[in-house]
Amino acid sequence: MTTRNPRNMIKESERLKSFSNWIYRKDSSVSCTAEKMAKAGFYMISDDEPDTVKCFVCMKQLDGWEKEDDPFIEHKKHASYCPFVKFGKEEKDLTLLEYLSLSEEMETKLLELKHQDDIKQLEKLREQLVKKLAQKDTESKRS
């Protein structure tokens, strides 16, 4: 499974490239086009998951897209806290300061997620250690 690096998805043009296997093709009956997905801040996280997307800033993942879904409205509905959603602008309309702010928010979120993963791993290691210590304690009591 090939996953995409969120840091490479800060540019709309890169997000759009990620939709090469998008389930909906551009036509008049489709609201949920690759172009609109990229404009709304989303990218396809993997070619193996045909309609799972992630926001490059808030990292919100969404799937189950219908052709009539509006990507920006769905983004706002599921992640109103997202700085990209709060700006309410397309990439081309962002100021340099806003663009840099989004980059900082993305890096903060990535660090937060990494920190959460590290804590989970440490908790698993602690549980394993507690089990080993309990086993050794039980064995020493038997001797």
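Quick note: structure is the one above.
This report concerns the structure included in the present document.

Thresholds applied
- Residues numbered from 1 in each chain as written.
- Predicted model: local features only at pLDDT ≥ 70, side-chain atom pairs only at ≥ 80, totals over all residues.
- Heavy atoms only, no water.
- Helix = DSSP H or I, 4+ residues; strand = E, 2+ residues; numbered from the N terminus.
- Expected span 1.5 Å × (residues − 1).
- Buried < 20%, exposed > 50% of the residue type's maximum accessible area, 1.4 Å probe, protein only.
- Contact = heavy atoms within 4.5 Å.
- Salt bridge = Lys/Arg side-chain N within 4 Å of Asp/Glu carboxyl O.
- Phe/Tyr/Trp six-rings, centres within 6.5 Å; stacked < 30°, edge-to-face > 60°.
- Pairing = 2+ DSSP bridges.
- Core = buried A, V, L, I, M, F, W, Y, C linked by side-chain atoms within 4.5 Å.
- Polar contact = N/O pair within 3.5 Å; in protein donor to acceptor, adjacent residues only side chain to side chain.

Counted at 1.5 Å a residue, the expected span for helix H5 (residues 96-142) with its 47 residues is 69 Å, and the 69 Å between its end C-alpha atoms agrees. Every buried residue belonging to H5 is among Glu-98, Leu-102, Met-106 and Leu-110, and all of these are buried. Structurally, H5 contributes buried residues whose contacts are with helix H4 (83-87).

What follows deals with the pattern of salt bridges. For side chains of opposite charge, pairing can occur when their charged atoms come near one another. In this structure the tally under the stated criterion is nine salt bridges. Lys-92 is the salt-bridge partner of Asp-93, the closest N and O atoms lying 3.6 Å from each other. What makes Asp-93 partly exposed here is its relative accessible area of 42%. Each of Glu-12, Lys-39 and Glu-90 takes part in salt bridges that share partners, so that together they form one network.

For the rest of this paragraph, the subject is unusual backbone geometry. Positive phi, close to 65 degrees, is recorded for Met-59, a residue that is not glycine. Residue placement: Met-59 occurs in the loop between strand S2 (53-55) and strand S3 (61-62).

A separate point is the packing of aromatic side chains. Enumeration according to the criterion identifies four aromatic pairs in this entry. Judged by centre distance (5.2 Å) and plane angle (90 degrees), the rings of Phe-19 and Trp-22 are edge-to-face. Per residue, the accessibility class of Phe-19 equals that of Trp-22, and both read buried. Taken together, a centroid distance of 5.7 Å and an interplanar angle of 70 degrees make the contact between Phe-42 and Trp-65 edge-to-face. Note that Phe-42 is positioned in strand S1 (residues 42-44) and Trp-65 in the loop between S3 and helix H3 (71-78), a separation of 23 residues in sequence.

Right, let's talk about the sheet that holds S2 for a bit. Taken together, three strands build an open sheet; the order of strands is S1-S2-S3 and the sheet is antiparallel. Of all strands in the sheet, those with a lone pairing partner are S1 and S3, marking the two edges. Bridge analysis of S1 against S2 gives three bridges, and the strand direction is antiparallel. In the sheet register, Tyr-43 faces S2, and the bridge partner there is Lys-54.

Right, let's get into the nonpolar core. The biggest cluster of nonpolar side chains holds 31 residues, and the ones touching the most others in it are Phe-19, Trp-22, Phe-42, Val-53, Phe-56 and Trp-65. Within the residue set of this core, elements represented by two or more residues are helix H2 (34-39), S1, S2, H4 and H5. In contact with Trp-22, other than residues within four places in its own chain, are Cys-32, Thr-33, Ala-34, Met-37, Met-44, Pro-50, Asp-51, Val-53 and Trp-65.

Bringing the environment of Glu-107 into the picture now. Within the fold, Glu-107 resides in helix H5. Classification of Glu-107 as partly exposed rests on a relative accessible area of 27%. For Glu-107 and Met-44, which are 63 residues apart along the polypeptide, the C-alpha to C-alpha distance reads 19 Å. Of the polar contacts made by the side chain of Glu-107, one reaches the side chain of Arg-7; its length is 2.9 Å.

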